[in-house]
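# Tertiary structure, described
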Amino acid sequence: MRLRAAVTAALTVLTATVVVTVASPPQRAEALDNGLTLTPPMGFNDWNAFGCDVSEKLIKDTADLFVAGGLKAAGYEYVNIDDCWMTHERDPNTGRLVPDPVKFPDGIDGTAEYVHARGLKLGIYEDAGTATCAGYPGSLGHEAVDAQTFADWGVDYLKYDNCNNAGSTTTEEYIARYSAMRDALASTGRPIVYSICEWGVNAPWTWAPEVGNLWRTTGDISDNWGSLKSIINQNKPLHPYAGPGAFNDPDMLEVGNGGMTDVEYRTHFALWAMMAAPLLIGTDLRRATPATMAILTNTELIAVDQDKLGKQARPIADAGGLTVFAKPLAGGDVAVALYNETDAPASIRTDAHSAGLPKAAGYLVRDLWQHSTAETAGTIAATVPAHGTAVYRVSVAGRDWRRHPPLTQLSATLPDAPVIAGQVLVEPGRPVTVRTAFVDDGRQPVRDAAATLTAPDGWSVAVKSSPVAPILPTGHTLKTRWKVTPPPGAAPGTYQLTAGAVYGWGTGKWGITSTIVPLLVAAPPPTGTTYLSDLAWLSASNAWGPVEKDMSNGETAPRDGHTITINGATYPKGLGTNAPSELDYYLGGTCTGLRADVGIDDEKDNSPANATFQIYTGSTLKADSGPMTSADPAKPLTADLTGAQTLRLVVTDNGTPDSDHADWAGIRITCS
Ligand code: GLA
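All of the points below concern the structure found in this document.

## Some thoughts on unusual backbone geometry
Across the junction of A579 and P580, the peptide omega takes the value 0 degrees, indicating a cis bond. Take P580: it is sitting in the loop between β34 (574-578) and β35 (581-586). Not every positive phi belongs to a glycine, and H371 is a case in point at roughly 55 degrees. Tracing the chain through its elements places H371 in the loop between β15 (363-367) and β16 (372-376). Classification of H371 by relative accessible area gives partly exposed; the value is 39%. For H387, which is not glycine, the phi dihedral falls at a positive 70 degrees. Relative to the helices and strands, H387 resides in the loop between β17 (379-384) and β18 (389-396).

## Section: helix α4 (residues 107-117)
Burial in α4 covers these residues: G107, I108, G110, T111, A112 and V115. Next to the buried residues of α4 lie α2 (56-68), β4 (78-80), β5 (121-127) and α5 (143-153). Once α4 ends, the next one or two residues include G119, with phi positive near 75 degrees.

## A word on the pairing of strand β11 (residues 314-319)
Side-chain direction in a regular strand flips from residue to residue, so the side chains alternate between the two faces of the sheet. Here β11 pairs with strand β12 (residues 322-328) via five bridges, running antiparallel. The partner of R314 across the bridge, within β12, is A326. Taking the residues between adjacent antiparallel strands as the criterion, β11 and β12 are bridged by two residues, where G320 takes a positive phi near 60 degrees.

## Quick look at the sheet that holds strand β7 (residues 193-196)
Ordered in space as β9-β8-β7-β6-β5-β4-β3-β10, the eight strands form an open sheet in which the pairing is parallel. Edge positions in the open sheet fall to β9 (247-249) and β10 (279-281), since each of these has one partner strand only. Between one strand and the next, the sheet's axes are offset by a mean angle of 25 degrees, whatever the strand orientation. In terms of strand pairing, strand β6 (residues 157-161) meets β7 through four bridges, oriented parallel. Residue pairing across strands places Y157 opposite V193, the latter belonging to β7.

## Let's talk about the nonpolar core
One recurring pattern in soluble globular proteins: nonpolar side chains tend to sit buried together. Ranked by size, the top nonpolar core spans 86 residues in total, and within it Y76, W85, Y194, F269 and W272 carry the most contacts. Examining the composition of this core, we find that seven residues originate from one element, helix α8 (residues 262-274), more than from any other. Those residues in contact with F269, other than ones at most four positions away along the chain, are Y76, L253, L279, I295, L296, N298, L301, I302 and W369. One finds L535, L594, L649 and I669 within the second-largest nonpolar core, a separate group that totals 31 residues.

## What to know about the site of the ligand
Taken together, the residues surrounding the ligand are W47, D82, D83, Y125, C133, K159, D161, C197, W199, R216, D220 and M252. At 2.7 Å, a side-chain N or O of K159 approaches an oxygen atom of the ligand. Between an oxygen atom of the ligand and a side-chain N or O atom of R216, the distance comes to 3.2 Å. Taken together, the residues of the shell around the ligand break down into six nonpolar, no polar and six charged.

## A word on the packing of aromatic side chains
Applying the stated criterion across every chain yields a total of twelve aromatic pairs. Ring plane angle 40 degrees and centroid distance 6.2 Å describe the contact between Y178 and W207, whose orientation is recorded as tilted. Remark: W207 occurs in the loop between β7 and β8 (214-216) and Y178 occurs in helix α6 (residues 171-188); sequence separation between them is 29 residues. On the basis of relative accessibility, which here comes to 0%, the residue Y178 falls in the buried class. Residue class for W207 comes out buried when judged on its relative accessible area of 5%. When the ring of F438 is compared with that of Y503, the centres are 5.2 Å apart and the planes differ by 35 degrees; the resulting orientation is tilted.

## Some remarks on the packing of helix α7 (residues 225-235) against α8
The description of two helices packed together rests on the angle between their axes and the distance between the axes. Where α7 meets α8, the axes come as close as 11 Å, and the angle between the chain directions of the two elements is 20 degrees. Relative to α8, α7 is oriented roughly parallel. Considering the relative orientation of α7 and α8, their crossing is left-handed. Each of W225, L228, I231 and I232 in α7 lies in contact with α8, whose residues at this interface are E264, T267, H268, L271 and W272. Looking at the contact of α7 with α8 residue by residue, the classes come out as six nonpolar, two polar and one charged.

## Concerning the sheet that holds strand β22 (residues 432-440)
The antiparallel open sheet is built from four strands, whose spatial order is β19-β22-β26-β24. In this open sheet, the two edge strands, each paired with only one partner strand, are β19 (408-413) and β24 (460-463). Averaged over all adjacent pairs, the angle separating strand axes in this sheet is 25 degrees, with direction ignored. With four bridges joining them, β24 and strand β26 (residues 477-485) adopt antiparallel strand pairing. By the bridge assignment, V461 is partnered in β26 with V484.

The rules we used
Within each chain, residue numbers correspond to sequence positions counted from 1 in written order. For a predicted model such as this one, the threshold for reporting local features is a pLDDT of at least 70, and the threshold for listing and counting side-chain atom pairs is 80 or more; totals across whole chains, interfaces and linings nevertheless cover every residue. Hydrogen atoms and water are omitted, and side-chain values are computed over all heavy atoms in the structure. Helix and strand labels come from DSSP, where a helix needs a run of H or I of at least four residues and a strand needs a run of E of at least two; each type is numbered from the N terminus. Relative accessibility under 20% of the residue-type maximum defines a buried residue, over 50% an exposed one, and the middle range a partly exposed one, all with a 1.4 Å probe and only protein chains included. Residues count as neighbours in contact if any of their non-hydrogen atoms are within 4.5 Å of one another. Between any two strands, at least two bridges found by DSSP are needed for them to pair. The angle between two axes is taken between their N-to-C directions and runs from 0 to 180 degrees, where each axis is a line fitted to C-alpha atoms and a helix contributes only its stretch in contact. To qualify as a nonpolar core, a set must consist of buried Ala, Val, Leu, Ile, Met, Phe, Trp, Tyr and Cys residues joined through side-chain atoms within 4.5 Å. If a single non-hydrogen atom of a residue is within 4 Å of a molecule or strand, that residue counts as near it. Two N or O atoms count as a polar contact when they lie within 3.5 Å, although within protein this holds only if one can serve as hydrogen donor and the other as acceptor, and sequence-adjacent residues are included solely when both atoms are side-chain atoms. For this scheme, ten residues count as nonpolar: Ala, Val, Leu, Ile, Met, Phe, Trp, Tyr, Cys and Pro. Four count as charged, namely Asp, Glu, Lys and Arg, and the remainder, Gly too, count as polar. We call Phe, Tyr and Trp rings a pair once their centres come within 6.5 Å, taking the six-membered ring for Trp, and we label the pair stacked below 30 degrees between planes, edge-to-face above 60, and tilted otherwise. Roughly parallel covers angles under 35 degrees, roughly antiparallel covers those over 145, roughly perpendicular covers 65 to 115, and oblique covers all other angles. A clockwise turn of the near helix away from the far one marks a right-handed crossing, whereas an anticlockwise turn of less than a right angle marks a left-handed crossing.

Have a look at this one:
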């Protein structure tokens, strides 16, 4: 059996078809005319993985690995040195910058020679200020000598930073500082890519196209999902400003650095390619895993990034954390990405016409992660995992479209179950309804379609409506209802359902598997009155250190707080948090009421602490303390919990990030 692309199942089917309109598209300024970066630069920069620990050996090793590891062949060209390459003083006689002789025994010129000998190019870092971010001599006022030094050394690329910028704030001042180096580089006569790094402070997309080849649009990236998500959102609307020789730079790649999952790293790489971003590898290539290398050398995605139209993808639909990006490509194809920013798998659908392809009877959809091609009558849809991105090259189908299997999609939803942090809640021994939907989006029918659903050992799965369809014509869906029951003794924790479908097409049998419907087994609280500190929460987040049970929050290690005390009153029971904090509990519809005394702990007396306590059931606000300071006595809060499936305790910090030791003193619930 030939198995098609693995696709994960949906918990929530959300359709992202809202068209985003950009009010009066801004005009692109003419790009800096130095003939460079007609497509986004590709290469390496040491900063993300090594910080100040840069050296000639690292740069040379990386150049060697570009050749040996297939990266050069894939298009990576620039090996870039970031901050900390020089000594703290300029040469007193020449005024030139001096490479650190320990880190760069052969100097920058010797390093450049080595890199050039491998058919690659060398980049360097400086700063449009009095000192670099790490405190080495800056280029402000030394532009001519520094540009000439770089040119003499054989440097091919300059990243020009914004630290210690002599208090400059206005756009005019920024343009002046960055233009001085542009002109100095031009005067050397050497082609040097000019990368402006002012972190998006002064809307560089409005002026930098004429000054540099690319410009950072955001603050520094870091190796975590929150950072990646935020940078994508900041760079996403800037598509009108990108074009050959002038690109938005959402910062260097973190792929491979270990702080994100492979799903998140694939989103990172796919969206950088869609957004025509520079592809500057930021990981230690000497230790890169095969999974990292497979992402970095995905030549079909690199071709999207390097497409000669140089267009940045436009969000053509963007709602509820689900975004459809479309990037027109030379020759008429369009790259389409389905990006799921949410914490749960989701179905994302668009169509070829909305993506900018001409009206046609059919299209080919090339999956750029799976490297497989399917035909579609127009719909482009996938079930995308949490934080994931499906990405396709879509073209008008030629005569041979029947050679390709129809595009299919499988989703699974649990319509009646509550969802916490992307996980569906189920109870031991209690059946839940699961619906699977297998759709044929191709022009050709599929036959003998059969849906499957598998649960962990000991769980029961009963099919409640037909799981088979002898024939599934274009646009039709095989919908199946299932009843899934965890065993009565199922231990609390995370479990997975796997949905799948098999079908016939051509002479073969095909399959689409959909794993990961994450389920969280949770038991309702015991009957009677129970302190929440005696129950397990479903999820907890806290600004500093862990949430503490029966003590205040000590900010760092578990159990480092004190007896909960609010304005002199002490409480043996309760929860010690540090705002902003959020706690989720499962109630299962069995509870009636909640009581607590809330306030700022006395250990933060006379502090600027200011926090608001809120109680939600599902998304309904049931109680709100209003802003509380360290001077306030404990405030009693109560909430009616009748019928509620889940409870959420929220403390906001009202803009005071420090000292918000927020106690839910004596908090207890009554259930039957
Ligand atoms: C700034 C830049 C980073 C890096 C460091 C080096 O923070 O934005 O990319 O170059 O400086 O000090």
